[in-house]
Amino acid sequence: MDGEVGENSFEHGRLGTLRRWGRFLCGPWNPRFKDVLTWQLCKTVAMGQALSMLICGTAVTCQYLANAGVETPMLQSFLNYTLLLLTYTFVLAFRRGENNIVQILKTKWWKYFLMALTDVEANYTVVKAYQFTTLTSIQLLDCFVIPVLMVLSWIFLKTRYRPLHFIAVAVCLLGVGAMVGADLLAGRDQGSSSHVLLGDGLVLVSAALYAVSNVCQEYTVKNLSRVEFLGMMGLFGTLISGVQMAIFESKAVPVINWNLKICLLFVVYTVCMYGLYSFMPVVVKMTSATAVNLSLLTADLFSLFCGMFLFHYNVSGMLFVFFLLITLGFIMFNIVPTYTADQSYSNNDRVYNLASSADVQQDGDIVVDLGQENEDRIGSRHRAHCNGFCSQI
């Protein structure tokens with residue numbers, strides 16, 4: 001009898017330790033297995049990888065254009081923004097009331113101008129960096145966008161992260177680092193090595209600009225609308241990229257050999273970029289800008305996989321291990337919801353204690369059943385404070 005009591009006490013103590021670690025990593029969220037592997041999570045993972053494939057498409061077409069001697073990053077951006085203008089900006093033009101483009105421009109034109117300027121310059125600086133530094137450096141340094149995004153989200157969007165979120169980011173970056181290391185061992189350190197510091201600086205500037213643009217995108221699509229964001233990006237992005245193209249590429253564009261292959265490459269690049277810009281706000285609204293950028297880390301893996309067939313790269317079987325590592329980090333980041341600064345820790349602790357206690361506390365003491373009414377009230381309060389996937393559970 002005493003043995004059974006001791007065994008039960010040991011079991012309760014071990015469960016209590018696991019609960020405490022779970023509380024430290026995940027906060028006051030006590031999910032069951034079916035609450036973790038949801039259809040919403042699977043759909044988000046799939047959509048994130050679709051975005052990575054679109055980025056892979058832009059990378060492959062850029063490589064072919066570079067091999068053909070075409071270096072016109074502003075022209076490529078201009079075509080994408082023009083397509084956004086012809087679709088989403090026109091939709092805004094035919095809306096009525098406060099959502100009409102005229103009303104938006106009257107009150108918020110300067111905000112969208114700055115957002116578009118940030119996005120255009122982010123695209124330009126990262127392409128420009130390829131002329132000065134190596135592909136390996138770009139693959140490593142463009143991950144700088146993720147910590148910058150988390151800091152900006154913490155400051156401006158009041159997003160708060162759990163320890164598991166930081167572990168997930170570390171897992172993703174570990175996968176990228178291992179992939180770049182495998183590239184070095186395989187001898188694929190491609191790119192110019194002149195003015196390396198300038199090129200690396202351009203990559204860091206581009207990452208910071210992308211982070212600012214993505215935070216603005218997250219705020220806009222979650223509080224206003226996706227169409228408004230894309231419509232304004234199309235309008236101001238076309239104007240800004242058009243002016244820069246006229247200044248910097250007035251001599252490069254006329255000398256392009258406009259054969260069928262070059263035209264098709266421009267079309268594929270523009271379609272991929274248009275799809276990326278159109279669907280990325282959908283995934284951002286479902287999760288967050290940080291989560292989306294974590295999923296986009298697999299774009300380099302898809303590019304290497306395509307390079308194996310198109311550019312005859314020697315790809316190691318470890319490629320699939322890197323892919324699984326990054327995907328694992330992305331899933332870890334999304335299974336635990338973030339929360340906002342107005343959600344007090346005292347409320348979190350109270351919700352956690354009430355929701356996770358059934359008949360036995362962490363120390364094994366007997367407690368009174370809370371009742372279905374209290375559980376429903378606690379669950380609704382918890383869901384009201386959570387962001388991201390918590391609203392889907």
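Above this note sits the structure.
Quick look at the structure, then. Note that the structure is predicted; figures quoted are calculated from it, not measured. (Residues numbered from 1 in each chain as written. Predicted model: local features only at pLDDT ≥ 70, side-chain atom pairs only at ≥ 80, totals over all residues. Heavy atoms only, no water.)

Quick look at the overall build of the protein chain now. When helices and strands are tallied, the protein chain shows 16 helices and 2 strands. Within the protein chain, buried positions represent 46% of all 393 residues. The contacts in the protein chain between residues at least 6 apart in sequence include a share of 87% that link residues at least 24 apart. For the protein chain, the accessible area works out to roughly 19,800 Å², and carbon and sulfur atoms hold 66% of it. (Helix = DSSP H or I, 4+ residues; strand = E, 2+ residues; numbered from the N terminus. Buried < 20%, exposed > 50% of the residue type's maximum accessible area, 1.4 Å probe, protein only. Contact = heavy atoms within 4.5 Å. Areas by Shrake-Rupley, 256 points an atom, 1.4 Å probe, with all protein chains shown as cover.)

Moving on, we come to the pattern of salt bridges. Under the defined criterion, the tally for this structure stands at 2 salt bridges. Residues Lys108 and Glu228 are paired through a salt bridge, measuring 2.9 Å at the closest nitrogen-oxygen approach. Here the residue Lys108 occupies a position in helix 5 (residues 101–129), and Glu228 occupies one in helix 10 (residues 226–248), the gap between them amounting to 120 residues. A relative accessible area of 4% means that Glu228 is categorised as buried. In this structure, the salt-bridge partner of Glu218 is Lys222, at a minimum N-O distance of 3.1 Å. With Glu218 and Lys222 both in helix 9 (residues 196–223) and 4 residues apart, the pair spans about one turn of that helix. Overall, Lys222 belongs to the partly exposed group, its relative accessible area being 33%. (Salt bridge = Lys/Arg side-chain N within 4 Å of Asp/Glu carboxyl O.)

Another point: the nonpolar core. Ranked by size, the top nonpolar core spans 39 residues in total, and within it Leu51, Met232, Ile262, Phe266 and Val292 carry the most contacts. Contributions of two or more residues to this core are made by helix 3 (39–67), helix 4 (73–93), helix 5, helix 10 and helix 11 (260–286). Per element, the largest residue contribution to this core is 11 residues, and it comes from helix 11. Apart from residues lying up to four places away in sequence, Val292 is in contact with Leu51, Met280, Val283, Val284 and Thr287. (Core = buried A, V, L, I, M, F, W, Y, C linked by side-chain atoms within 4.5 Å.)

Between its first and last C-alpha atoms helix 7 (residues 145–156) spans 16 Å; for 12 residues at 1.5 Å apiece the expected length is 16 Å, and the two agree. Buried residues of helix 7: Val145, Ile146, Val148, Leu149, Met150, Leu152 and Ser153, and no others. (Expected span 1.5 Å × (residues − 1).)

Summed over all chains, the structure comprises 7 aromatic pairs. Measuring from centroid to centroid gives 6.0 Å for Phe113 and Phe236, while their planes differ by 85 degrees, and the two rings are edge-to-face. Separated by 123 residues along the polypeptide, Phe113 in helix 5 and Phe236 in helix 10 bring together distant segments of the chain. Of the residues examined, Phe113 reaches a relative accessible area of 31% and is grouped as partly exposed. Here Phe236 falls in the buried class, since its relative accessible area comes to 9%. Here the aromatic rings of Trp258 and Phe266 are separated by 5.2 Å at their centres, their planes lie at 35 degrees, and the arrangement is tilted. On the basis of relative accessible area, Trp258 is assigned to the partly exposed category, the value being 44%. Relative accessible area serves as the criterion here: at 4%, Phe266 is assigned to the buried category. Taken together, the ring pairs connect Tyr161, Phe166 and Phe333 into an aromatic cluster. In this arrangement the basic side chain of Arg160 is found over the ring face of Trp154, its NZ or CZ atom lying 4.1 Å from the centre. (Phe/Tyr/Trp six-rings, centres within 6.5 Å; stacked < 30°, edge-to-face > 60°. Lys NZ or Arg CZ within 6 Å of the ring centre and 35° of its normal.)

Here we take up helix 11. Taking 1.5 Å per residue, 27 residues should reach 39 Å; helix 11 reaches 39 Å between its end C-alpha atoms and fits that length. The principal kink in helix 11, of about 30 degrees, is found at Phe279, preceding the proline Pro281 by one to four residues. (Bend = angle between axes of the 7 residues up to and from the residue.)

Residue Lys158 is not a glycine yet carries a positive backbone phi of 60 degrees. Relative to the elements of secondary structure, Lys158 occurs in the loop between helix 7 and strand 1 (159–160). A relative accessible area of 43% means that Lys158 is categorised as partly exposed.

Further remarks concern the environment of Thr270. Mapped onto the elements, Thr270 comes out in helix 11. Since its relative accessible area comes to 10%, Thr270 is described here as buried. Once the C-alpha coordinates of Thr270 and Thr58 are considered, the two residues, 212 residues apart in sequence, prove to be 8.1 Å apart.

Our focus in this paragraph is the environment of Leu204. Along the chain, the position of Leu204 falls in helix 9. Each C-alpha atom, one on Leu204 and one on Asp142, is 6.6 Å from the other, the two residues being 62 residues apart in sequence. Apart from residues lying up to four places away in sequence, Leu204 is in contact with Leu141 and Phe144.

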